[in-house]
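# Descriptive analysis of the structure
Here's the letter readout for the chains.
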Amino acid sequence: MISMLHPSNKYTLIEGFDVVDMQVVNTFFSSPEAYWTLKDTDAERHRAWTASDSFALLDEQGTMIGGFRFITDRSFFGYVADVFILPECRGQHLAEWMLDTAFTSQEYKSVKRWALRTKDAQGLYKKLGFKLPENQHWEMELRK
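Residues numbered from 1 in each chain as written. Predicted model: local features only at pLDDT ≥ 70, side-chain atom pairs only at ≥ 80, totals over all residues. Heavy atoms only, no water.

### A word on the overall build of the chain
- Counting its regular elements, the chain contains four helices and six strands.
- Over its C-alpha atoms the chain spans a radius of gyration of 15 Å, differing by no more than 12% from the 15 Å that the globule rule assigns to 144 residues.
- Oriented by its inertia axes, the alpha-carbon framework of the chain measures out at about 45 × 35 × 25 Å.
- Taking all 144 residues of the chain together, the buried fraction comes to 40%.
- Long-range contacts, defined here as pairs at least 24 residues apart, represent 57% of the contacts in the chain between residues at least 6 apart.
- Within the structure as shown, the chain displays about 9100 Å² of accessible surface, and the carbon and sulfur contribution to it stands at 53%.
- Positive and negative side-chain charges of the chain, numbering 17 and 20 respectively, have mean locations separated by a distance of 7 Å. (Helix = DSSP H or I, 4+ residues; strand = E, 2+ residues; numbered from the N terminus. Rg over C-alpha atoms; globule rule 2.2 N^0.38 Å. Buried < 20%, exposed > 50% of the residue type's maximum accessible area, 1.4 Å probe, protein only. Contact = heavy atoms within 4.5 Å. Areas by Shrake-Rupley, 256 points an atom, 1.4 Å probe, with all protein chains shown as cover. Lys, Arg positive; Asp, Glu negative; His and termini not counted. Charge placed at Lys NZ, Arg CZ, Asp CG, Glu CD.)

### Examining the pairing of strand β2 (residues 12–15)
- Of the two faces of β2, the one holding L13 and E15 is buried and the one holding T12 and I14 is not buried anywhere.
- Of the pairings in the sheet, the one linking strand β1 (residues 3–5) to β2 comprises three bridges and is antiparallel in character. Of the residues in β2, the one forming a bridge with S3 is I14.
- Hairpin connection from β1 to β2: six residues lie between these consecutive antiparallel strands, with N9 at a positive phi of about 65°.
- For β2 and strand β3 (residues 53–58), the ladder comprises four bridges, and the chain directions are antiparallel. Counted as the bridge partner of T12 is L58 from β3. (Pairing = 2+ DSSP bridges.)

Written as structure tokens, this is what we have:
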């Protein structure tokens, strides 16, 4: 279980659905900024966040200002989902810090392959070592 204080001592990253504020999550992911999840319902989001390894980034008052989910077997594969920082808290490299903290933690550092999808945050993920898959033609998906 991850609980890590940001170097500024202003933020804490905590793993566990019990610290996730679903009202904050639902409000953010219902905004046009969250283009990838606009059609999802609050109930679907709740199910996804409870079934995943969920993380909350809290400010000094304990208010959730960001977070993300990992879907992983903790050995071979992991998927990074729903990464967000509230707009008023951006510009401090918090997304980069919280993901790097999780990737290098004892719980997740042995995962051999991480995947994600983004159309507008490639710069962030490149800083963390992500690149386009070498064998894109191998990847398939089933959509329902």
